[in-house]
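Fold and contact review
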Amino acid sequence: MKRYLVAPGQKIDLAEFDAGSTAGWKGGKDKVEAVFLKLNDRLEVLQEKLWAEGERGVLVVLQGMDTSGKDGTIRHAFEGVNPLGVRVASFKAPTEEERGHDFLWRVHPKMPGKGEMVIFNRSHYEDVLVARVRNLVPKKVWKARYEQINQFEKLCADNGTTIVKFFLHIDRDEQKERLKARLADPLKRWKFRLGDLDDRVHWNDYMAAYQDVLAKTSTPWAPWYIVPSNRKWFRNLVVATALVDALDALKIKDPQPAEDLSGVVIE
């Protein structure tokens with residue numbers, strides 16, 4: 001997974017990253033299912049141990065352009081995890097109450113508690129992406145937010161939260177095909193928003209904003225992965241692999257019963 005990991009301070013030019021790449025995988029789509037099932041099983045075990053341990057939390061951040069597959073990643077990469085210890089949170093336009101506070105005020109209550117895994121479908125990074133591209137706040141405001149985000153994530157990491165962030169990278173041509181398919185499918189048309197086309201007009205501006213996000217906020221305590229996402233199966237494979245690696249690195253001990261059960265006999 002190191003090939004997809006953004007090193008702290010690394011200069012990023014997304015034009016140099018092939019959104020259709022399957023680098024690191026030997027074989028095609030037909031060979032991935034068995035590997036993916038093993039990853040799902042391993043993730044299920046690790047998540048249950050995290051929940052039983054009840055001492056640390058895990059935050060997974062999913063960001064990407066419209067149709068990059070945030071919902072699909074949640075459905076597939078997290079298949080099998082115990083819903084008892086997993087939450088999905090999303091961030092839409094701030095409410096009037098939220099606008100009356102600092103931009104991270106609404107984020108902290110949605111962070112994972114001890115034992116929890118929380119998935120952010122979009123996140124606090126909207127405040128240095130949409131806010132920047134759409135000129136919702138002055139430049140000096142959104143520029144200061146990179147370091148504010150880093151410090152916020154450092155605070156959370158220092159208090160036991162493991163943070164893993166994924167940028168689901170698709171190219172503009174792939175987005176076009178996915179938008180057309182969404183519009184044509186009666187079961188998916190509800191997802192189509194005219195605002196998607198407005199954002200598409202600003203594609204280059206968004207790419208510039210993402211490049212700054214990746215370069216300025218990938219840290220040792222909250223790293224970014226650039227995930228090639230034109231191929232959905234490969235996107236899911238990369239996310240699941242990186243997440244299992246991150247949880248394995250925690251070396252979570254097998255949960256122990258609260259009472260001495262050595263003399264228990266069940267008749």
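The structure reproduced in this document is the subject of the present report. (Residues numbered from 1 in each chain as written. Predicted model: local features only at pLDDT ≥ 70, side-chain atom pairs only at ≥ 80, totals over all residues. Heavy atoms only, no water.)

1. Digging into a positive patch on the surface
- A surface patch of like charges, here positive, comprises Lys 11, Lys 139, Lys 143 and Lys 216.
- Residue placement: Lys 216 occurs in helix H8 (residues 203–217). (Patch = residues over 30% accessible without salt bridge, like charges linked within 9 Å, V, L, I, M, F, W, Y side chains within 5 Å. Areas by Shrake-Rupley, 256 points an atom, 1.4 Å probe, with all protein chains shown as cover. Salt bridge = Lys/Arg side-chain N within 4 Å of Asp/Glu carboxyl O. Lys, Arg positive; Asp, Glu negative; His and termini not counted. Charge placed at Lys NZ, Arg CZ, Asp CG, Glu CD. Helix = DSSP H or I, 4+ residues; strand = E, 2+ residues; numbered from the N terminus.)

2. Remarks on the side chain of Lys 70
- Tracing the sequence through the fold places Lys 70 in helix H2 (residues 70–77).
- Salt bridges are absent for the buried Lys 70, whose nearest opposite-charge side chain, Asp 66, sits at 5.2 Å.
- At a separation of 3.4 Å, a polar atom in the side chain of Lys 70 contacts the main-chain carbonyl oxygen of Met 65.
- In contact with Lys 70, not counting residues within four places along its chain, are Leu 62, Gln 63, Gly 64, Met 65, Asn 121, Arg 122 and Leu 168. (Buried < 20%, exposed > 50% of the residue type's maximum accessible area, 1.4 Å probe, protein only. Polar contact = N/O pair within 3.5 Å; in protein donor to acceptor, adjacent residues only side chain to side chain. Contact = heavy atoms within 4.5 Å.)

3. Topic: the pairing of strand E4 (residues 161–169)
- Of all nine residues in E4, nine are buried, a share of seventy percent or more.
- Judged by which residues are buried, E4 turns out to be covered on both faces: Thr 161, Ile 163, Lys 165, Phe 167 and His 169 on one side and Thr 162, Val 164, Phe 166 and Leu 168 on the other are all buried.
- The pairing of E4 with strand E5 (residues 224–228) spans five bridges and is classified as parallel. The residue of E5 that forms the bridge with Phe 167 is Ile 226. (Pairing = 2+ DSSP bridges.)

4. With respect to the sheet that holds strand E2 (residues 86–90)
- Read from one edge to the other, the open sheet built from five strands follows the order E2-E3-E1-E4-E5, with strand pairing classed as parallel. Single-partner strands in this sheet number two, and they are E2 and E5. In this sheet, neighbouring strand axes are inclined to one another by 20° on average, regardless of whether the strands run parallel or antiparallel. (Axes fitted to C-alpha atoms, helices over the stretch in contact; angles between N-to-C directions.)

5. What to know about the pairing of strand E3 (residues 117–121)
- Here E3 lies mainly inside the structure; five of its five residues are buried.
- Across five bridges, strand E1 (residues 57–64) lies against E3 in parallel orientation. Paired with Val 60 across the strands is Ile 119, a residue of E3.
- Two strands pair when backbone bridges link them, and E2 and E3 are joined in this way by five bridges, in the parallel orientation. Across the sheet, residue Val 86 finds its bridge partner in E3, namely Met 117.

6. Details of the pattern of salt bridges
- This structure, assessed with the given rule, holds 18 salt bridges.
- Across the salt bridge formed by Arg 193 and Asp 66, the nearest N and O atoms sit 3.7 Å from each other. Of the two residues, Arg 193 is situated in the loop between helix H6 (172–184) and helix H7 (194–201) and Asp 66 in the loop between E1 and H2; the sequence distance between them amounts to 127 residues.
- The exposure class of Asp 66 is buried, given its relative accessible area of 7%.
- Of the charged contacts, one joins Arg 87 and Glu 116 as a salt bridge, the two residues approaching to 3.1 Å between their closest N and O atoms. Taken together, the residues Arg 87 in strand E2 and Glu 116 in the loop between helix H3 (96–99) and E3 connect sequence positions 29 residues apart.
- When salt bridges that share partners are traced, they join Asp 66, Arg 122, Glu 126, Arg 182, Arg 193 and Asp 196 into one network.

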